[in-house]
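# Structural overview for review
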Amino acid sequence: MNRNGRLREALTAYALLAPSLVVFGVFFFYALYRLVILGMNQQNRTGTAQRWVGFDQFTEVLGGEEFRSGLWISIQYVLWTVPAGLILGVLLAVAAHRQLKGIRFFQTVFASTVATSVAVASVIFFVLLNPVVGYFGEVPFINLADPDSAIRGVAVSSVWQNLGLTFIIVLAGLQAIPDELLEAATVDGYGPIRRFFKVTLPLLSPTMLFLVVVLTVFALQAFAQVDILTQGGPAGSTETLVFKIFRLGQEPVNVGRGAVMAIGLFFVTLVVALGQFTLLNRRVHYGDR
Amino acid sequence: MATAESVDTVTTVQTASTLDLGAAPHMARPGQRARNLRKAGAYLILAALSLIILFPIWMTLVRALSAPLPYISAGQPVYPIQIEWDIFSRAFSRGDMGRHLMISAVMTLIIAGAQLATSILAAYAFAFLRFPLKNVIFAAFIATLMLPIEVTLIPNTETIRSLGWLNSFQGLTVPFLATAIGTFLIRQGFMGVHKDLRDAARLDGFGNLAFLWRVAIPVTKPVIASFAVISFLAAWNQYLWPRTITTENSMATVQIILRPLAAAAINEINIGTAAALIAALPILILLIIFQRQLVRGLTAGAVKG
């Protein structure tokens, strides 16, 4: 190709990329720059003036009690949502992966929570778990009025809402396993339970790894559930990192602290996702392909 | 107590289904009776598991239909008390749901439409064109995936405020007009376009635009459709961003208006629950229509092969 043609090709490419790059430039890269700058400044009460404090604010906020408690609440949220959601999702998928009259009906029911937004699901559980008038309002382990258990109540709403997605993905994973493999295991005298743990589960491990990472990221980013169910309470016991970032961002004097916390959230998410990936990836069976 | 009862159901469900883990289709079993028994057991397990999904939805419906105070004094049964059939129309007007559904619909169509357009264009450049700094720009696209809206919330709110876009469609949509996920998905689809097709198109004198419009897009239609559904769903369901930048209820999306409605007084709790059901309905209908695209989109990347 001649020089002119190559130049034209490059210009075409840049023109095609320009719309995306403008959006990314302003709302990702400039945002990242502003995030760091805001984090290095302390705002006054009305947000009209600021004072440069540099990295002092980073060490102060990231080493402080508020960040630590938010992180711990977010981690609890991960621990209460991810394993439970995964186990229930696998249970639903295994139960619905068979040839049976009317199985499509059950598959549709199991998948149906993908149609609920996080806000809709949260309102459903807001009413169900309401300490005063909720049907499950007085169940001790998930009591929203009790600081020791409120986070689990919020987690129930997440688990339920994500079941549809988990079910769809695990079912697709199960359907990708060739029937002959399971039949061969049966011929070899494997019972259903041993067959599940020795054949099905290893073949499902890439799917499971994907889900663990996705559900963890979802949990670390959860906001609407907290906003609708508890507003962070009681006594701040459900103030996850994201909720704290949102709240600090609303208060002009705390914008800088919120920015530092957002940077903290960024690194936490990165470390957790990468950590899970490398740790679990070693135990994942990708097959021979 | 009613709660103990349902906790019981859950435990039975779990013990019952562990016995049956890994059951696969086409398993030959001796004896018609044993087979029938297994079938009945399977239906029982499926029905019990369905309760986990359906019970919360059913109770929301019961709560929406029942007159709030009589329902509570009746001890919150699992069936409606003093049904108020007009609750949905009342919730609709009380919550100004028409307006908020419309705001959500317009916002979603702008975002999904723009994401489709910007992603297709960028994907085309990455898949078919050679240009300097390609790897750097590609890396920049990847980097955006690491910055979710939760992280950039504070500076982006600042940007939107300084542009005077709080409580506006610009504020709701502009940060989401492009997406790296869409670009990568569609690029993957484009890379699957056979080389023979490209050569043939070139011989026929197709320029980039003609090739994109008449060959690349038609061939990758399934991928593009899946992404469109995912993009639509994600935009419609957004919460944190609209919650932050719609400081007045007048520009709230339907998701955002649910919280104040649900948190109203106890004798109006049926309004909030009815509103939540109204908000869920349009997306439920769309998902039933576009089930196949949704499943393909959600499982992309999750399952190998």
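Every value quoted in this text rests on a predicted model; they were computed, and no experiment measured them.

### Brief notes about the overall build of chain A
From N to C terminus, chain A includes eleven helices and two strands. Each helix and strand of chain A, placed in order from N terminus to C terminus, yields the pattern α-β-β-α-α-α-α-α-α-α-α-α-α. Whereas a compact globule of 289 residues would reach a radius of gyration of roughly 19 Å, chain A reaches 24 Å, over 25% beyond that. Each principal axis of the C-alpha distribution contributes one length, and for chain A these read about 75 × 75 × 35 Å. Here chain A holds 289 residues, and the buried ones make up 58% of them. Across chain A, contacts joining residues at least 24 apart in sequence account for 68% of those joining residues at least 6 apart.

### A few points about the domain arrangement of chain A
Residues and elements named next belong to chain A. Each domain of chain A was delimited in the assignment, giving domain 1 (3-57) and domain 2 (60-281). When each unit is reduced to the centre of its C-alpha atoms, the spacing between domain 1 and domain 2 is 32 Å. With both sides pooled, the region where domain 1 packs onto domain 2 buries about 880 Å², and carbon together with sulfur makes up 66% of that total. Of all residues in domain 1, L35, Q43 and Q57 bury the most surface against domain 2, accounting for 54% of the area lost on that side. Where domain 1 packs against domain 2, one counts zero salt bridges. Scanning the region where domain 1 abuts domain 2 turns up four residue pairs in polar contact (both at pLDDT 80 or more).

### Focus on the packing of helix α12 (residues 221-237) of chain B against helix α16 (residues 291-299) of chain B
Residues and elements named next belong to chain B. At a closest axis distance of 8 Å, the pairing of α12 and α16 adopts a crossing angle of 85°. The angle between α12 and α16 places the two elements in the roughly perpendicular class. Within the contact between the two elements, α12 uses P222, A225, S226, V229, I230 and L233 and α16 uses Q293, L294, R296, G297 and L298. When its residues are assigned to classes, the contact of α12 with α16 shows seven nonpolar, three polar and one charged.

Quick notes on the rules
- Here the residue numbering is sequential within each chain, running from 1 through the sequence in written order.
- Just so you know, chain letters begin at A and ligand numbers begin at 1, following the order they were written in.
- Given that the model is predicted, a residue must reach a pLDDT of at least 70 before its local features are reported, and side-chain atom pairs must reach 80 or more before they are shown or counted; all residues, however, enter totals for whole chains, interfaces and linings.
- Side-chain measures were taken over the full set of non-hydrogen atoms in the model, leaving aside hydrogen atoms and water.
- Under the DSSP-based scheme used, a helix requires at least four consecutive residues in state H or I and a strand at least two consecutive residues in state E, with every element numbered from the N terminus.
- Only C-alpha atoms enter the radius of gyration, while the globule expectation follows 2.2 Å times N to the 0.38, with N the number of residues.
- Working definition: with a 1.4 Å probe on protein chains only, accessible area under 20% of the residue-type maximum means buried, over 50% means exposed, and in between means partly exposed.
- Only heavy atoms matter for contacts: two residues are in contact if any of them lie within 4.5 Å across the pair.
- Bear in mind that the domain bounds are from an automatic or database domain assignment.
- Summed over both partners, the accessible area (1.4 Å probe) lost when two parts come together is defined as the buried area.
- Salt bridges are identified by distance alone: a Lys or Arg side-chain nitrogen within 4 Å of an Asp or Glu carboxyl oxygen.
- Polar contacts here mean pairs of N or O atoms no more than 3.5 Å apart (in protein, one a potential hydrogen donor and the other a potential acceptor; neighbouring residues in sequence count only if both atoms are side-chain atoms).
- To define axes, lines are fitted to C-alpha atoms, for helices over the stretch in contact only, and angles between the resulting N-to-C directions are given on a 0 to 180 degree scale.
- When describing relative orientation, an angle under 35 degrees is termed roughly parallel and one over 145 degrees roughly antiparallel, while 65 to 115 degrees is termed roughly perpendicular and anything else oblique.
- Here the nonpolar group is Ala, Val, Leu, Ile, Met, Phe, Trp, Tyr, Cys and Pro; Asp, Glu, Lys and Arg are the charged ones; every other residue, Gly included, is treated as polar.

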